[in-house]
Amino acid sequence: MSQTPRSERLHIVLYGRTNSGKSSLINALTGQAVSLVSAVAGTTTDPVSKAMEVKGLGACVLVDTAGFDDRDEALGQLRIERTKGTLKFADIAILVLASDETDIEEAWVEVLKTSKIPIVTVLNKGDVHTYDDALKAKLKTLTGHPPIVASAHTGMGIEDLRKALHEAHIKDDERTITGSLTKAGDTVLLVMPQDAAAPKGRLILPQVQTIRELLDKGCISISCTPDTMRQALSALARPPHLIITDSQAFKEVYALKPEGSLLTSFSVLFAAYKGDIDNFVEGARAIASLTPSSRVLIAEACTHAPESEDIGTVKIPRLLRGRIGAELRIDMVAGKDFPDDLTPYDLVIHCGACMFTRKMVMSRSAQAQAQKVPMTNYGITLAYLTGILDKVSLPSKE
């Protein structure tokens, strides 16, 4: 893997009226013609994203959106709805103004605040427009920070914008995949089935990211498959501090786990790294209340064609129906598809979400909580169904 995955990049989304200069600002910020610039209103339709390395910020995804004052009779409302869809993954919002009018912007500031997205306000086209102090004071009161007067055309204020974005970058740098479960010098055994979902010559993303973190932490990592786990344990002078397995192998790995070794799974680790693990553990307990007439939603971040023994489409449904009854209704969604209304469901089971940002997973978790629908994830579900959830080690923030 030669590039930072999108799920690990800072997502910066630009919001503003039609022709406020959002596209030009992206180009000035990156020093490249990333976004199409035109004087014609509505040039940007669907949100357009570009993965970039931005000076002072590192690996980012910049997202250009349609103007939220789009009045096109046929497509305007659809464009605005798609702009609102970016709230689910935006880490930082750049609110772009090019006039003294703020009525629409005030409404959007409240939307961004509700979504808990840090806001950096830019008064664009500062080379041709003078903004009065009253407007600047008003925007500071609304957002908590003074606006930046900039010009995408001349480059004025662009460096100030980079600094403001850096300050608004509230990503928790202390959050790690293994959290409190590992420290320098620990021996960690990684049990990784190599099936059809892991093409020859490659490891799946959670495995790659976990191995890299263990190296960075100074841990001693040893890899094996479930059928070679016994030999791997025999080759060690003492039991490993931690065993990380694929959730599908929980049962057989637990049977071989030495006394004193901690046990977790990649999916459980990512439940904490990307989401609200306490809520997920509580959500798994709702399985006990399911009946044959219940309805379950399984959400998969990836949009790959499922394998014959896919965990989300086959294994978890089979285990659930084996416990609850064949009549249990199970619906599937994939990628960014996710119902606005979760209330028809008695439980939502999400994948490990290695392809999603933490913001995206947390927004779905918050949605489920607001609608009072239990939510859990693949690894937690399998640990519960295997009867070892109380024996699985859960990571906590360091």
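Residues numbered from 1 in each chain as written. Predicted model: local features only at pLDDT ≥ 70, side-chain atom pairs only at ≥ 80, totals over all residues. Heavy atoms only, no water.

- You'll find the chain entered in an unreviewed UniProt entry as GTP-binding protein, with Porphyromonas cangingivalis given as the organism.

**A short note on helix H3 (residues 103-114)**
Okay, so step 1: Taking 1.5 Å per residue, 12 residues should reach 16 Å; H3 reaches 17 Å between its end C-alpha atoms and fits that length.
Okay, so step 2: Within the span of H3, buried status applies to Ile104, Glu105, Trp108, Val109 and Leu112. Summarising the axial view, the buried residues of H3 lie within an arc of 140 degrees, below the 170-degree limit, and thus occupy one face. Seen from the buried face of H3, the exposed residues on the opposite side, beyond 90 degrees, are Asp103 and Thr114.
Okay, so step 3: Once H3 ends, the next one or two residues include lysine 116, with phi positive near 60 degrees. (Helix = DSSP H or I, 4+ residues; strand = E, 2+ residues; numbered from the N terminus. Expected span 1.5 Å × (residues − 1). Buried < 20%, exposed > 50% of the residue type's maximum accessible area, 1.4 Å probe, protein only. Arc of directions from axis to C-beta.)

**Description of the environment of serine 265**
Okay, so step 1: Tracing the backbone shows serine 265 in strand E10 (residues 262-265).
Okay, so step 2: In this structure serine 265 comes out as buried when scored by relative accessible area, which is 0%.
Okay, so step 3: Residues serine 265 and alanine 383, 118 residues apart in the sequence, show an inter-C-alpha distance of 9.1 Å.
Okay, so step 4: When sequence neighbours within four positions are dropped, the list of residues in contact with serine 265 reads Ile244, Thr245, Asp246, Ser247, Phe250 and Gly379. (Contact = heavy atoms within 4.5 Å.)

**A few points about the sheet that holds strand E3 (residues 58-64)**
Okay, so step 1: Strand order in this open sheet of 6 strands is E2-E3-E1-E4-E5-E6, and the pairing throughout is mixed. Looking at which strands have only one partner, the edges of the open sheet turn out to be strand E2 (48-54) and strand E6 (148-149).
Okay, so step 2: Along the sheet face, helix H4 (residues 133-143) touches strand E4 (92-97), strand E5 (119-123) and E6 and points at about 165 degrees away from the line of E5.
Okay, so step 3: Its contacts with the sheet put helix H5 (residues 158-168) on strand E1 (10-16), E4, E5 and E6, and the angle it makes with E5 is roughly 165 degrees. (Pairing = 2+ DSSP bridges. Axes fitted to C-alpha atoms, helices over the stretch in contact; angles between N-to-C directions.)

**Things to note about the packing of helix H6 (residues 205-217) against helix H9 (residues 266-274)**
Okay, so step 1: At a minimum axis separation of 10 Å, H6 and H9 run at an interaxial angle of 75 degrees. One element, H6, and the other, H9, form an angle in the roughly perpendicular class. Note on element contacts: H9 touches H6 through Phe266, Leu269 and Phe270, opposite Pro206, Gln207, Gln209 and Thr210.
Okay, so step 2: In terms of residue class, the contact of H6 with H9 is made up of 4 nonpolar, 3 polar and no charged. (Parallel < 35°, antiparallel > 145°, perpendicular 65-115°, else oblique. Nonpolar A, V, L, I, M, F, W, Y, C, P; charged D, E, K, R; others polar.)

**Quick look at the sheet that holds strand E13 (residues 347-350)**
Okay, so step 1: Across the sheet, which stays open at both edges, the 4 strands sit in the order E12-E11-E13-E14 with parallel pairing between neighbours. If you trace the sheet from one side to the other, it starts and ends with strand E12 (329-334) and strand E14 (375-377), each paired once. Strand-to-strand twist of the sheet, defined as the mean angle between neighbouring strand axes without regard to direction, takes the value 25 degrees.
Okay, so step 2: Bridging between strand E11 (residues 295-300) and E13 involves 4 bridges; their strand directions are parallel. Looking at E13, one finds that isoleucine 298 is bridged to isoleucine 349.
Okay, so step 3: Helix H11 (residues 311-324) rests against E11, E12 and E13 of the sheet, and its axis sits at about 160 degrees to E12.

**Quick look at the pattern of salt bridges**
Okay, so step 1: The full count for this structure, using the stated rule, is 13 salt bridges.
Okay, so step 2: Across the pair arginine 329 and aspartate 331 runs a salt bridge, and its minimum N-O distance is 3.3 Å.
Okay, so step 3: On the basis of relative accessible area, aspartate 331 is assigned to the buried category, the value being 17%. (Salt bridge = Lys/Arg side-chain N within 4 Å of Asp/Glu carboxyl O.)

**Considerations on the pairing of E4**
Okay, so step 1: Counted residue by residue, E4 has 6 buried out of 6 residues, so it is predominantly covered.
Okay, so step 2: Bridge count between E4 and E5: 5 bridges; the pairing is parallel. Within E5, the position partnered with alanine 93 by the bridge is isoleucine 119.
Okay, so step 3: Handedness of the crossover joining E4 and E5 through H3: right-handed. (Right-handed = clockwise from strand over helix to strand, strands pointing away.)

**Examining the side chain of threonine 65**
Okay, so step 1: Here threonine 65 shows up in the loop between E3 and helix H2 (76-85).
Okay, so step 2: A relative accessible area of 1% places threonine 65 in the buried class.
Okay, so step 3: Within the structure, the side chain of threonine 65 is placed 2.5 Å from the backbone oxygen of leucine 14, a separation counted as a polar contact. (Polar contact = N/O pair within 3.5 Å; in protein donor to acceptor, adjacent residues only side chain to side chain.)

**A word on the packing of H9 against helix H12 (residues 358-370)**
Okay, so step 1: One way to put it is that H9 packs onto H12 with a least axis distance of 9 Å and a crossing angle of 85 degrees. Classified by the angle their axes make, H9 and H12 are roughly perpendicular. On the side of H9, the interface is formed by Ala272, Tyr273 and Lys274, while H12 contributes Arg358, Val361 and Met362.
Okay, so step 2: Per-class residue counts for the contact of H9 with H12 are 4 nonpolar, no polar and 2 charged.

**A closer look at the packing of aromatic side chains**
Okay, so step 1: Counted according to the given criterion, the structure contains 2 aromatic pairs.
Okay, so step 2: Here the aromatic rings of tyrosine 15 and tryptophan 108 are separated by 5.5 Å at their centres, their planes lie at 35 degrees, and the arrangement is tilted. Residue tyrosine 15 is found in strand E1, and its partner tryptophan 108 is found in helix H3; the two are separated by 93 residues along the sequence. Each member of the pair tyrosine 15 and tryptophan 108 is classed as buried.
Okay, so step 3: Plain terms: the ring middles of phenylalanine 270 and tyrosine 273 are 5.7 Å apart, the flat faces sit at 85 degrees to each other, and that makes the pair edge-to-face. Residue phenylalanine 270 and its partner tyrosine 273 are located together in helix H9, separated by 3 residues, close to a single helical turn. Across the pair, tyrosine 273 and phenylalanine 270 agree in class, each one buried. (Phe/Tyr/Trp six-rings, centres within 6.5 Å; stacked < 30°, edge-to-face > 60°.)

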